[in-house]
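Each chain is listed here by its residues.
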Amino acid sequence: MTHHIIEPNRATLHGHFSRDLSPVLTIESGDTVQYRLLDAGWGLEAPKSDTPERQHFEPRTELDKGHALCGPVAVRGAQPGMMLGIEFKTIIPGAWGGTYAGGSIGGGEFNRRLGVAKDRERRMIWQLDADQMIGTNQQGQQVALKPFLGVVGMPPDEAGTHSTAPPRFCGGNIDCKELVAGSTLYLPIAVSGGLISVGDGHGTQGDGEVCGTAIECPMEHVEIVYTLHEDTPIKTAHANTPVGWITFGFDENIEEAMYAALNAMLDLMMVQTGLSRADALALASLVVDLRITQIVNGVRGVHAVLPHGALR
């Protein structure tokens, strides 16, 4: 299998999804792609605590308003109806990151309900130690790092450009904190070649991403193995992670997202156990956790988690 390298430059960066984007690389199923990634905001230097001004990647166009993504990568033989396995082998963050809350972050109603509508935007600036996996902010507070990519996705088979902000059935801004190194995410392919793009490095994040941002950071070294699958237990987005099997639901209505995640989990459990749907639901009530992936991307996310070893 071949090992490819993609660096962030004008030819590889974009801020939208589209089936019309030309692939920057075409690979075989089972190949590895190594990336270096900008932070979601196209920054070339660490943010500052007292001003939004900093050096950004230029030039950019109207099509670069979204997250700074690298790709797209085409997988030879990928066709609609298949699933793309996205195995995260290595995820090493850069040296800095930022977390932002209040002000324009999150939106008016969101901030009003959380009591920060009248506050100016607050910026926590983080120094990231990738060896110790510890982040330290300018106030001396420390958090453990669990780096992952917030945006991993492919375009839908629809004309025009599509925002990087929401998650879709074929991926996008999923923001699931469990997709760390050692995880494999499975996404439905909608267009020939798949056209997978990645970005939005997160140093760490809690379920929900409740202020609208994680530790937003560049990624120094990311290695992903892409593998085509013609037959998987379920046909919606799901993942095998260090904590367990995960199924996803995405919808503007968080209750609908919950039903989608739970229905997919029942499908997965039926395949794994051979039990009826009612029996799978009974067991799910004992061992499956429903978690809010994120509440801040317009389309909400819920993921169901079946821990490894929970069913014996």
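Residues numbered from 1 in each chain as written. Predicted model: local features only at pLDDT ≥ 70, side-chain atom pairs only at ≥ 80, totals over all residues. Heavy atoms only, no water.

This part is about the nonpolar core. By size, the foremost hydrophobic cluster in this structure holds 47 residues, and its most contacted members are Tyr35, Ile86, Leu185 and Tyr226. For this core, the element with the most residues is strand E16 (residues 219-229), which contributes five residues. Those residues in contact with Ile86, other than ones at most four positions away along the chain, are Val152, Ser183, Thr184, Leu185, Leu187, Ile196, Ile224, Val225 and Tyr226. With 18 residues, the next largest nonpolar core counts Trp245, Leu266, Ala280 and Ala304 among its residues. (Core = buried A, V, L, I, M, F, W, Y, C linked by side-chain atoms within 4.5 Å. Buried < 20%, exposed > 50% of the residue type's maximum accessible area, 1.4 Å probe, protein only. Helix = DSSP H or I, 4+ residues; strand = E, 2+ residues; numbered from the N terminus. Contact = heavy atoms within 4.5 Å.)

Before going further, it helps to spend a moment on the sheet that holds strand E10 (residues 142-144). Each strand in a sheet pairs with its neighbour through backbone hydrogen bonds, running either in the same direction (parallel) or in the opposite one (antiparallel). The four strands lie next to each other as E7-E8-E9-E10, forming an open sheet whose pairing is antiparallel. In the strand order of this sheet, the two ends are held by strand E7 (96-101) and E10, each with one partner. Pairs of neighbouring strands in the sheet enclose a mean axial angle of 30°, with direction left out of account. Summarising the sheet, strand E9 (residues 134-137) and E10 pair through three bridges and their orientation is antiparallel. (Pairing = 2+ DSSP bridges. Axes fitted to C-alpha atoms, helices over the stretch in contact; angles between N-to-C directions.)

Attention shifts here to helix H3 (residues 277-287). Count 3.6 residues to each turn of an α-helix, and residues three or four apart come out pointing the same way. Among the residues of H3, those classed as buried are Ala280, Ala284 and Val287. The buried residues of H3 occupy an angular sector of 80° when projected down its axis, which confines them to one face. For H3, the exposed residues lying more than 90 degrees away from the buried face are Ala278, Ser285 and Leu286. Buried residues in H3 make contact with helix H2 (254-273), strand E19 (289-294) and strand E20 (300-307). (Arc of directions from axis to C-beta.)

Purely spatial values, then, with no claim about function.
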